[in-house]
Every structure is written in structure tokens, then in C-alpha cells.
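What follows is each chain in one-letter form.
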Amino acid sequence: CAMCAAGSEPNADQTACDECGVGYAGTDGECGQCAPGRAPVSDRTSCELCGTGLAGNNGTCAQCADGEQANNPLEPTLCVACAAGTAGTDGVCDTCSAGMQPRADRAACELCQTGHFSASGETCLACADTVVGGVPHGMHTPDLVQCTVCPDGTEPAADHSSCEACPTGTAG
């Protein structure tokens, strides 16, 4: 009798050595299932952490879908939706820049619509006129990042993307 090579174990009747099964690895003629978030290396002699954008159980790793990432980089067992303010593909989520927000499918970031803004990259909000202390303030967002008060003598354009001079005969 001879010891089975690393990455293999005896078959049921111990007449030959078979490669460790899917999700299993081992040495000294014994194969064991890889821990959650790990899969066998190519020669099935040991297990390694699922790679970036992958997650799994039962000794196998699978690619996370667009808009998802592994739940835990140290034990990637599940794919979960990209966190608020992030989006991505191939299991990797990145932060959306200011002036943007994640698309509904979280696979990419999209620019805020005209008249909307996002300082954090999480969600685009409408840049609407406000009233502070009983005084109305016309607001605009020229950069999609901040919503600011129009200077005296102006009012917001209809889409709140800029400020325009007050019409003839009016002041503000």
C-alpha cells in the first residue's frame, strides 16, 4: 500500500487514489471540505479565500452579480447588494462621486438630473426653493453637488440649474 498523493484520497474500496472532490482539499490521503468563503487551490492540496468579487459556501466560490459584493472580505460567504452610495460590476462596489447616485440596479453611478444635487453620492435630491425666517429663498444647483441661494436681484431658472435676473418691474 502507498500513501495517496496530496490532493487525493483512497476510493471507497481502497484500490486506487481519486482526486479530492469539488470543494474539498487535503494531504496525506485525506480530503476535507473547505471552510465557508474558501475553495480548493488548483491542485486541491489546500483551500484559499474566495477572490475579489466572489463568495461561497461548501468549498466553492461564485462570482457576485453586478450591483453586488461579498458580505465580508475575511469570510465571503454571500453576495449582498452594494451599500448605499456605492455601485459596481463583477462583485466590486465603488463609492459614487458627489453629483451622482447609484442607479436602481446598483451596477453603476449616474449623474443627478438637472435641478437635483448630491453632496455625498448617495442620493440625488431636488434643489427646491426654501423659506427661512419667513423669507423665501430661490435655490439653484449649477454643479449638481450643492444647492445654494441665488444672489440678490436674481431668481432660479425653471429647472433650478442656474439663476436669472429678476424680470422687469420685480426685485428680490
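Note that residues are indexed from 1 along each chain, following the sequence as it is written. Owing to the predicted nature of the model, reporting of local features is limited to residues with pLDDT of at least 70; listing and counting of side-chain atom pairs is limited to 80 or more, with chain, interface and lining totals taken over all residues. Computation of side-chain values covers all heavy atoms of the structure but excludes hydrogens and water.

Asks: Pulling in residues and values, what's your account of the state of the cysteines?
Replies: Any pair of cysteine sulfurs within 2.5 Å is marked as a disulfide. This structure, assessed with the given rule, holds 10 disulfides. Paired by a disulfide, cysteine 4 and cysteine 17 hold their sulfur atoms 2.0 Å apart. Between cysteine 4 and cysteine 17 the sulfur-sulfur dihedral comes to about -85°; the bridge is accordingly left-handed. Note that cysteine 4 is positioned in the segment before strand S1 (8–10) and cysteine 17 in strand S2 (residues 17–19), a separation of 13 residues in sequence. With a 1.4 Å probe rolled over the protein chains alone, any residue whose accessible area is under 20% of its type maximum counts as buried; one over 50% counts as exposed, and the rest are partly exposed. The class of cysteine 4 is buried, set by a relative accessible area of 8%. Take cysteine 1: it sits in no disulfide, and the sulfur closest to it among the cysteines is that of cysteine 4, at 9.7 Å. Residue cysteine 166 stays outside any disulfide, its sulfur separated by 9.0 Å from that of cysteine 150, the closest cysteine. Overall, the relative accessible area of 18% leaves cysteine 166 in the buried class. Every helix listed is a DSSP run of H or I at least four residues long, and every strand listed is a run of E at least two residues long, numbered separately from the N terminus.

Asks: Can you lay out the layout of surface pockets for me, pointing to particular residues and giving the numbers?
Replies: Only protein atoms enter the 1 Å grid, on which a cavity is a set of points fitting a 1.4 Å probe that cannot get out and a pocket is an open set with protein on both sides within 12 Å along at least 5 of 7 lines, lining residues being those with an atom within 4 Å of a point. Grid points are joined across faces, edges and corners, and a volume is the space filled by probe spheres set on the points. The space that makes up the second largest pocket amounts to roughly 180 Å³. Along its surface, the second largest pocket is lined by 13 residues, and Thr52, Gly53, Ala70, Pro73 and Gly91 are the ones closest to its centre. Those elements giving two or more residues to the lining of the second largest pocket turn out to be strand S9 (68–70) and strand S12 (92–95). Amino acids are sorted into nonpolar (Ala, Val, Leu, Ile, Met, Phe, Trp, Tyr, Cys and Pro), charged (Asp, Glu, Lys and Arg) and polar (every other residue, Gly among them). Residue composition of the lining of the second largest pocket, grouped by class: seven nonpolar, six polar and no charged.

Asks: Please provide a residue-by-residue account of the pattern of salt bridges, values included.
Replies: We define a salt bridge as a side-chain nitrogen of Lys or Arg found within 4 Å of a carboxyl oxygen belonging to Asp or Glu. Inspection of the entire model under this criterion finds two salt bridges. A salt bridge links arginine 44 to glutamate 19; the shortest N-O distance between them is 3.1 Å. Of this pair, arginine 44 sits in the loop between strand S5 (38–40) and strand S6 (47–49) while glutamate 19 is found in strand S2, placing the two residues 25 residues apart along the sequence. Residue classification places glutamate 19 among the exposed residues on the basis of a relative accessible area of 55%. Arginine 103 is paired through a salt bridge with aspartate 105; the nearest N and O atoms lie 2.9 Å apart.

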